[in-house]
Amino acid sequence: MKKEAEIFHQIVEDRRSVRKFDTNYNFDHDAVKRSLDSAILSANSSNMQLWEFYRIRSAAARERMAALCLGQNAAKTANELVVFVARPDLWEKRLESLLAHFSVIMPDKEDRKAKLTYRYYEQWIPQLYDVRFPLWHDLKMKALIWKNKSKPFMRDVLTRDVPIIAHKSVALAAQTFMLSIKAEGYDSCPMEGHDSHRLKEFLNLPSAAEISMVVGVGKGLPEGVYGDRFRVPNEDVIFEL
Ligand SMILES: Cc1cc2nc3c(=O)[nH]c(=O)nc-3n(C[C@H](O)[C@H](O)[C@H](O)COP(=O)(O)O)c2cc1C
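So, how was this worked out
- Residues numbered from 1 in each chain as written.
- Predicted model: local features only at pLDDT ≥ 70, side-chain atom pairs only at ≥ 80, totals over all residues.
- Heavy atoms only, no water.
- Near = heavy atom within 4 Å.
- Polar contact = N/O pair within 3.5 Å; in protein donor to acceptor, adjacent residues only side chain to side chain.
- Areas by Shrake-Rupley, 256 points an atom, 1.4 Å probe, with all protein chains shown as cover.
- Nonpolar A, V, L, I, M, F, W, Y, C, P; charged D, E, K, R; others polar.
- Salt bridge = Lys/Arg side-chain N within 4 Å of Asp/Glu carboxyl O.
- Helix = DSSP H or I, 4+ residues; strand = E, 2+ residues; numbered from the N terminus.
- Buried < 20%, exposed > 50% of the residue type's maximum accessible area, 1.4 Å probe, protein only.
- Pairing = 2+ DSSP bridges.
- Domains from an automatic or database assignment.
- Contact = heavy atoms within 4.5 Å.
- Buried area = accessible area lost by both parts, 1.4 Å probe.
- Axes fitted to C-alpha atoms, helices over the stretch in contact; angles between N-to-C directions.
- 1 Å grid on protein atoms, 1.4 Å probe; cavity = no way out; pocket = protein on both sides within 12 Å on 5 of 7 lines; lining within 4 Å.
- Points joined across faces, edges and corners; volume = space filled by probe spheres on them.

## Notes on the site of the ligand
(1) Moving on: Looking at the ligand, the residues that line it are R15, R16, S17, R19, Q72, C189, P190, M191, E192, G193, R229 and R231.
(2) Moving on: At a separation of 2.8 Å, an oxygen atom of the ligand approaches a polar side-chain atom of R19.
(3) Moving on: Between the ligand and the protein, one listed contact pairs an oxygen atom with a side-chain N or O atom of R229 at 2.7 Å.
(4) Moving on: For the ligand, whose accessible area on its own is 620 Å², the fraction buried by protein is 67%.
(5) Moving on: Broken down by class, the residue content of the shell around the ligand amounts to three nonpolar, three polar and six charged.

## Here's the deal with the pattern of salt bridges
(1) Moving on: Counted according to the given criterion, the structure contains twelve salt bridges.
(2) Moving on: The salt bridge involving R34 is made with E184; its shortest N-O contact spans 2.8 Å. Of this pair, R34 sits in helix α2 (residues 30-39) while E184 sits in the loop between α8 (161-183) and β3 (187-191), placing them 150 residues apart in sequence.
(3) Moving on: Given the relative accessible area of 27%, E184 is considered partly exposed.
(4) Moving on: Of the charged contacts in the structure, one is a salt bridge between D187 and K182, with a shortest N-O distance of 2.8 Å. Summarising the burial analysis for this pair, D187 and K182 share the class buried.
(5) Moving on: Shared partners join several salt bridges into a network, and the residues in it are D28, R34 and E184.

## A short note on the pairing of strand β2 (residues 80-86)
One face of the sheet, then the other: side chains in a regular strand alternate in exactly this way.
(1) Moving on: Taken across its seven residues, β2 has seven buried, putting it largely inside the fold.
(2) Moving on: Strand direction decides the pairing type here: strand β1 (residues 51-56) and β2, joined by six bridges, are antiparallel. Residue I56 lies in a different strand from β2, and its bridge partner there is L81.
(3) Moving on: Pairing analysis gives seven bridges linking β2 to strand β4 (residues 210-218), with the strands arranged antiparallel. Note that in β4 the partner of V82 across the bridge is V215.

## Notes on the domain arrangement of the chain
(1) Moving on: By domain assignment, the chain separates into domain 1 (3-87 + 170-221) and domain 2 (91-161).
(2) Moving on: On a C-alpha basis, the centroid separation for the pair domain 1 and domain 2 is 31 Å.
(3) Moving on: Contact residues are listed per partner, giving nine residues for domain 1 and eight residues for domain 2.
(4) Moving on: In total, about 660 Å² of surface goes out of reach between domain 1 and domain 2, with carbon and sulfur atoms giving 55% of it.
(5) Moving on: In terms of surface lost to domain 2, no three residues of domain 1 exceed S46, M48 and L50, which account for 72% of the buried area on that side.

## Considerations on the sheet that holds β1
(1) Moving on: The sheet built from four strands is open, its strands ordered β1-β2-β4-β3 with antiparallel pairing. Of all the strands in the sheet, the pair left with one neighbour each is β1 and β3. Taking each pair of neighbouring strands and ignoring which way they run, the sheet shows an average axis angle of 20°.
(2) Moving on: Sheet contacts for α2: β1, β2 and β4; angle to β1, the most-contacted strand, approximately 175°.
(3) Moving on: Helix α3 (residues 59-68) contacts β1, β2 and β4 of the sheet and is inclined by roughly 60° relative to β2.

## Re the side chain of H167
(1) Moving on: Residue position: H167 is located in helix α8.
(2) Moving on: A polar atom in the side chain of H167 sits 2.7 Å from the side chain of E210.
(3) Moving on: If near-sequence neighbours (up to four positions away) are discounted, H167 is found in contact with A86, E210, I211 and S212.

## Concerning empty space enclosed by the protein
(1) Moving on: This model, assessed by the stated rule, comprises one cavity of 30 Å³ or more.
(2) Moving on: Empty space within the largest cavity amounts to approximately 40 Å³.
(3) Moving on: Along its surface, the largest cavity is lined by N44, S45, M48, Q49, L50, Y129, I165, A166 and S169.
(4) Moving on: Ranked by residue count, the leading element in the lining of the largest cavity is α8, at three residues.
(5) Moving on: Of the residues belonging to the lining of the largest cavity, the class tally is five nonpolar, four polar and no charged.

Written out as structure tokens, the structure reads:
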């Protein structure tokens, strides 16, 4: 095994969800910055980057977060928390950035490869993400699915699927973040146990934004690991065809 692979597998193995952090530790907040820099390099759907990351650092904000995370120890004792947010509603803004980028790297719109890219982003992406009129959106998508029923076609494109598309990418970013935090010598705990409604209010987010998870970060204490790691047998979850 390559040395890099060995190091990677060790980090994956060492990462645990840690629910108690050392509140007196001289925590290096730059580790969070570096880990977020890595997180944004995560694979994400169509590179639309429909995510936002809110760093909660001040004592007052952390205290509020502890309440919003239902008093969980992982929130109460965290040196910092990061809220991972899915923003499917920002698709127009992100698309604008991508098209501006393409105009620099692919100025000739008639080039064969460029044509495909522009068609994908100028036609398909707005069709997929514009869910202002859900009934109309679903009708159009169902018609498209029906038209393409005799061949493999992407079917999870209804209004209800759009936030899920964004959540998948946000979750990958969260995993990259947690692995990086471990590599930095710290620990983390992802939390879906929170009041998403109040949390969105606290962060001043619009209703279309969705909280993917809150991640508490800090110097883990041994008692913060609640028991040995358990996974069901590989043969129950890994299949080969
Ligand atoms: C999306 C998600 C939400 C989670 N929410 C919570 C939570 O609210 N509170 C908590 O203590 N752990 C939470 N966890 C941590 C899981 O319980 C933990 O990952 C699982 O038990 C496996 O343990 P390990 O992470 O140590 O391998 C969450 C994990 C994920 C991925």
